[in-house]
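# Descriptive structure summary
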Amino acid sequence: MKELSVNHLLGIKYINKNDIDLIFETADQFKEVINRPIKKVPSLQHITIANIFFEDSTRTKLSFELAQKRLSADVMSFSVAQSSVKKGETLIDTVNNILSMKVDMVVMRHKNPGAAHFLSQNVKASIVNAGDGAHEHPTQALLDSYSIREKLGEVGGKKVVIVGDVLHSRVALSNIFALQMQGAEVMVCGPKTLIPRYITELGVKYEPNLRKALEWCDVANMLRVQNERLDVNYFPSTREYSQQYGVDKALLDSLNKEIVIMHPGPINRGVEITSDVADSSQSVILNQVENGVAVRMAVIYLLAQKIK
Ligand code: NCD
């Protein structure tokens, strides 16, 4: 049986192309399962998973929980607001306390880059990174590539532009790694203040002009402006941002081809994209959400196979 090269999913940079292919083949099967009348398989009845979210999340947490339940795993979830972390407990102590209840896998979101990696070296459980600060968000990048593959047949050879707040985005970095690993070309586009200075050293192009970027690409992944992470003013006003970097229907229709529009959610409607773009036939935003469950089922299932 084929298996993953890793025991944890800490970031795309720790996995390889074979891992991505295996995750996608497995997700294809689970996608079929979640479209059946009985959307569940008994595969992980023996596995207990804790979802620990030290940062706000709606869709990622729900998506992971649903994926786990559809695999019949036992699931417990908690957010920092209800936990003893607020009382001063360390991360390792918090997680070890949970693990002493015989938990096999931990899905964690944390504001610190490297938190999932740190945990994987210090506790005995399989760790899934559900977002660590502005570093990586591997399952998001996997579901994004999976959605491109579904819509366009393959990821290799495609041109993908990531638009917006690349500086504060874990989605951007994981996407860059995943897309390049699969042979796609990647461009970033946005105000210079929101693009990391050394981004081109990762082998991606930078284009400050949105129209040019859209004319170049097959797929545009529109990032949310991470208002909660903006410590200083990176652009004059939201209005000016959306004038220069927002996609509306008129712009989309004026391009010489049909591009695919993606967004990791949550959308600031009217800022990165207008409602008619989000809801248009070129948008795969809701497909991304559906695929998120299948891809997370695949990741969890494959990691569970590696628990001895
Ligand atoms: C992303 C995240 O949290 O990094 N959203 C998500 O996972 N649903 C992107 C974002 O918050 O803009």
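Computed from a predicted model, the values in this text were never measured in an experiment.

## Notes on the pattern of salt bridges
Taken as a whole and assessed by the stated rule, the structure comprises 14 salt bridges. One salt bridge in this structure joins E25 and K2, with 3.0 Å as the shortest N-O distance. In this pair, E25 is assigned in helix α1 (residues 17-34) and K2 in the segment before α1, connecting sequence segments 23 residues apart. Residue classification places E25 among the partly exposed positions, given a relative accessible area of 35%. Each of K31, E150 and E290 takes part in a single network of salt bridges with overlapping partners.

## Looking at the sheet that holds strand β6 (residues 185-189)
The strand order β7-β6-β5-β8-β9 describes an open sheet built from five strands, whose pairing is parallel. Both edges of this open sheet fall to β7 (205-206) and β9 (260-262), since each of them pairs with a single strand only. In this sheet, strand β8 (residues 219-222) lies alongside strand β5 (residues 159-163) in parallel orientation, the contact comprising four bridges. Bridged to V163 within β8 is M222.

## Comments concerning the domain arrangement of the protein
Here the protein is described as being made up of domain 1 (12-136 + 289-304) and domain 2 (138-284). Summarising the inter-unit geometry, the C-alpha centres of domain 1 and domain 2 are found 25 Å apart. Each side of the interface is counted separately: domain 1 has 29 residues, and domain 2 has 25 residues. A combined buried area of about 2300 Å² lies between domain 1 and domain 2, and 63% of that area is made up of carbon and sulfur atoms. Linking domain 1 with domain 2 are three salt bridges. Across the salt bridge formed by E55 and R170, the nearest N and O atoms sit 3.1 Å from each other. Summed over the shared surface of domain 1 and domain 2, the result is nine residue pairs in polar contact (both at pLDDT 80 or more). The set of elements that each furnish at least two residues to the side of domain 1 that touches domain 2 consists of α1, α2 (59-70), β3 (105-110), β4 (126-132) and α11 (285-305). A total of seven residues in the side of domain 1 that touches domain 2 trace back to one element, the largest contributor, which is α1. Taken together, the residues of the side of domain 1 that touches domain 2 break down into eleven nonpolar, eight polar and ten charged.

Thresholds, definitions, all that
Residues numbered from 1 in each chain as written. Predicted model: local features only at pLDDT ≥ 70, side-chain atom pairs only at ≥ 80, totals over all residues. Heavy atoms only, no water. Salt bridge = Lys/Arg side-chain N within 4 Å of Asp/Glu carboxyl O. Helix = DSSP H or I, 4+ residues; strand = E, 2+ residues; numbered from the N terminus. Buried < 20%, exposed > 50% of the residue type's maximum accessible area, 1.4 Å probe, protein only. Pairing = 2+ DSSP bridges. Domains from an automatic or database assignment. Contact = heavy atoms within 4.5 Å. Buried area = accessible area lost by both parts, 1.4 Å probe. Polar contact = N/O pair within 3.5 Å; in protein donor to acceptor, adjacent residues only side chain to side chain. Nonpolar A, V, L, I, M, F, W, Y, C, P; charged D, E, K, R; others polar.

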